[in-house]
Structures are given as structure tokens and as C-alpha cells.
Amino acid sequence: MTAAGLPMAVPAQGLPPRVRIHEVGARDGLQNEKGVVPTEVKAEFVHRLADAGLATIEATSFVHPKWVPQLADAEQLFPLLGDLQGVHLPVLVPNERGLDRALALGAHRVAVFASATESFAKANLNRTVDEALAMFDPVVSRARESELHVRGYLSMCFGDPWEGPVPVAQVVRVCRALLDMGCDELSLGDTIGVATPGHVGALLTALAAEGVPTDRVGVHFHDTYGQALANTLAALQHGVTTVDASAGGLGGCPYAKSATGNLATEDLVWMLQGLGIDTGVDLGRLSATSAWMADQLGRPSPSRTVRALTHQEQ
């Protein structure tokens, strides 16, 4: 049992007063489930996340069902979320066909998914890095013409299972290309969870030197080696205020088998509350939501904070 008033808020110098959490559990988390979660359960999951105070919840992906069958119900799910007021519901669009589907349903925010490495671009998109960027160019252009907010995900920013270490300059080049084509923000992905705090700082420093504004950068860490929170703190120390996380620690990457779960949103909120950083999230409601979803999936939540607050057995 956790006593009331914990964690005690002890602010640290040089950190932002507020962090925006970009919740990815409903998309990045559920797309990696072996089974298909019913549409109604997904809709309730998103509603519960919104009730917990999360204001940016990635809803689904308009990718071909052949590649991600777990999200084949995007057309059925998205209208069920139309009653959510004041909540951003970005969706992933891999190509122009995906954008067409998102536009038809009235999406206001979309995301494209690029790679910093050739091996992952080939595995994920069957294209080279530059061919993938060329594919995204008209998608981003059309989205901006329709006054949509566009996020650019970049995978393998810190290491690649086939290529090993990824040079910082290589990551910076693709980041700059995504911004130049019109992306409003970037999400730096540690897809296989191999980043360490010094590496995070080096990449953010290099991006700033190339004129990439920190307020347009978010971070997306996986906790494969238990480094996600340490890496997040390093990013905050460099001025980042957008952090991706997944309720209950759901997710991985279907194209990188060594990728384990995302940073758990509850673990992130616990740390941020302890630092006196505002997120707008009710940790109790969020933990209850993740415990509920874990029950739907038939297994305990991997989040340490969820287990501590809801007394789940591992």
C-alpha cells in the first residue's frame, strides 16, 4: 500500500514546469498484441485514458490490415471517439491512401513513420531511407494543405538490431529532412531500447546545433534495458517537454523483435510528480485504467507503478 501524499514532490533545477505526455498505448501498444482487441474495448480504453487527464492519445493507424491486423478496425473505432472534447487523437498514416482514410473520418492530427537506418527502412517500409522520405513528402504536403498537424516519427535513433550504433549525424539528417518537408514536430524513437543518457544528450545537442527547435522535439523510449526513465530525465534536462509513453507499458515493435515495451505512462507520471512537474494526469485513474486493460488482455501489467498502486501480482 502506498501512503497518501507520495511521491513527495521535490523539484530539481533546470527542468520544465510542465510536460505533455503523448499517450501511445491505444495504437503502439495494442498493435503488438498477438490477438485482436475488440473495437469496443479499444474505444473504452481511449475514453478511460482521457478521463485520467491525458490530452493527447494516439488512437489508431490507417495502415493496410495485412501488415497490422490488430488495427484493421480504424474506420470503426475512430467514430466511436467523436464525443471526446479537448482531446487530440492523432493517427498514423503510412502513405497517401492512409491519409485519404484519415481525412474521410475527420482526423485533425496525423503522423508519418520514418527510419534513421537503411536496414529498418527496408524491414518496415521496403524502401531506402530517402525513398521513404520521398513517399512521405506528398503525404505531409497534403496534410498541411488540409490544415492538419503532422508528427514525424523517427525510428532507430540510438541503435539498430542489424546495423548496431547509429551515427548522430545520420539521425540529424533525417530529422532535418522531416522538418523541412513540413512536419510540425518530431518524435525521436529508441526503438530497441539501447539509448543511455549521454547519448540522448549528444543527439539533442546536435539537433539544436542544426537549428532544430527543442520545442518541436519529443522522445519515445523503450525500456528494454531499464533506461527509459533515465533517458527521459536527460531529455528534460535538455529542454524537451513532450514525452511519449504507453499506458501500462504496452507495446514494442512488430518489425524489430528485440524491442520490448514502451516506457509505462504510470512510471513516467510517478517520476514527474516526484519532480514537481505538472502533467494534468490523475495517476490513480490512469493506473486503474491500465489494470483494467491488463485484465482485458489476460495478463498483469508490466508497469511497476501499476502493480504497486493496484496490488497486481506479476
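Above this text you will find the structure in question.
All figures in this text were calculated on a predicted structure; none of them were measured in a lab.

**Q** Tell me about the packing of aromatic side chains, and please be specific about residues and values.
**A** Summed over all chains, the structure comprises two aromatic pairs. On the basis of an interplanar angle of 20° and a centroid distance of 5.1 Å, the ring pair of Phe 113 and Tyr 153 is categorised as stacked. Of this pair, Phe 113 sits in strand 5 (residues 109–115) while Tyr 153 sits in strand 6 (residues 149–155), and the two are 40 residues apart along the sequence. What makes Tyr 153 buried here is its relative accessible area of 2%. With 6.1 Å between their ring centres and 45° between their planes, Phe 158 and Phe 221 make a pair best called tilted. Here Phe 158 is found in the loop between strand 6 and helix 7 (168–180), whereas its partner Phe 221 is found in strand 8 (residues 217–221), with 63 residues between them in sequence.

**Q** Describe the sheet that holds strand 7 (residues 185–190), naming the residues involved and giving the relevant values.
**A** On the basis of which strands lie adjacent, the open sheet formed by nine strands has the order 2-1-9-8-7-6-5-4-3 and parallel pairing. Edge strands, defined here as strands with exactly one partner in the open sheet, are strand 2 (56–57) and strand 3 (60–61). Bridging between strand 1 (residues 20–23) and strand 9 (residues 242–245) involves four bridges; their strand directions are parallel. When the sheet's bridge partners are listed, Glu 23 is paired in strand 9 with Ala 245.

**Q** Any chance you could break down unusual backbone geometry for me, citing the residues and the numbers?
**A** Note the cis peptide between Leu 6 and Pro 7, where omega equals 0°. Positive phi, normally seen in glycine, also occurs at Glu 147, with a value near 65°. Its location among the elements puts Glu 147 in the loop between helix 6 (129–145) and strand 6. In this structure, Met 156 is a non-glycine residue whose phi angle is positive, near 60°. Within the fold, Met 156 resides in the loop between strand 6 and helix 7. We classify Met 156 as buried; its relative accessible area is 0%.

The rules we used
- Residues numbered from 1 in each chain as written.
- Predicted model: local features only at pLDDT ≥ 70, side-chain atom pairs only at ≥ 80, totals over all residues.
- Heavy atoms only, no water.
- Phe/Tyr/Trp six-rings, centres within 6.5 Å; stacked < 30°, edge-to-face > 60°.
- Helix = DSSP H or I, 4+ residues; strand = E, 2+ residues; numbered from the N terminus.
- Buried < 20%, exposed > 50% of the residue type's maximum accessible area, 1.4 Å probe, protein only.
- Pairing = 2+ DSSP bridges.

Worth remembering: the numbers are spatial, not functional.
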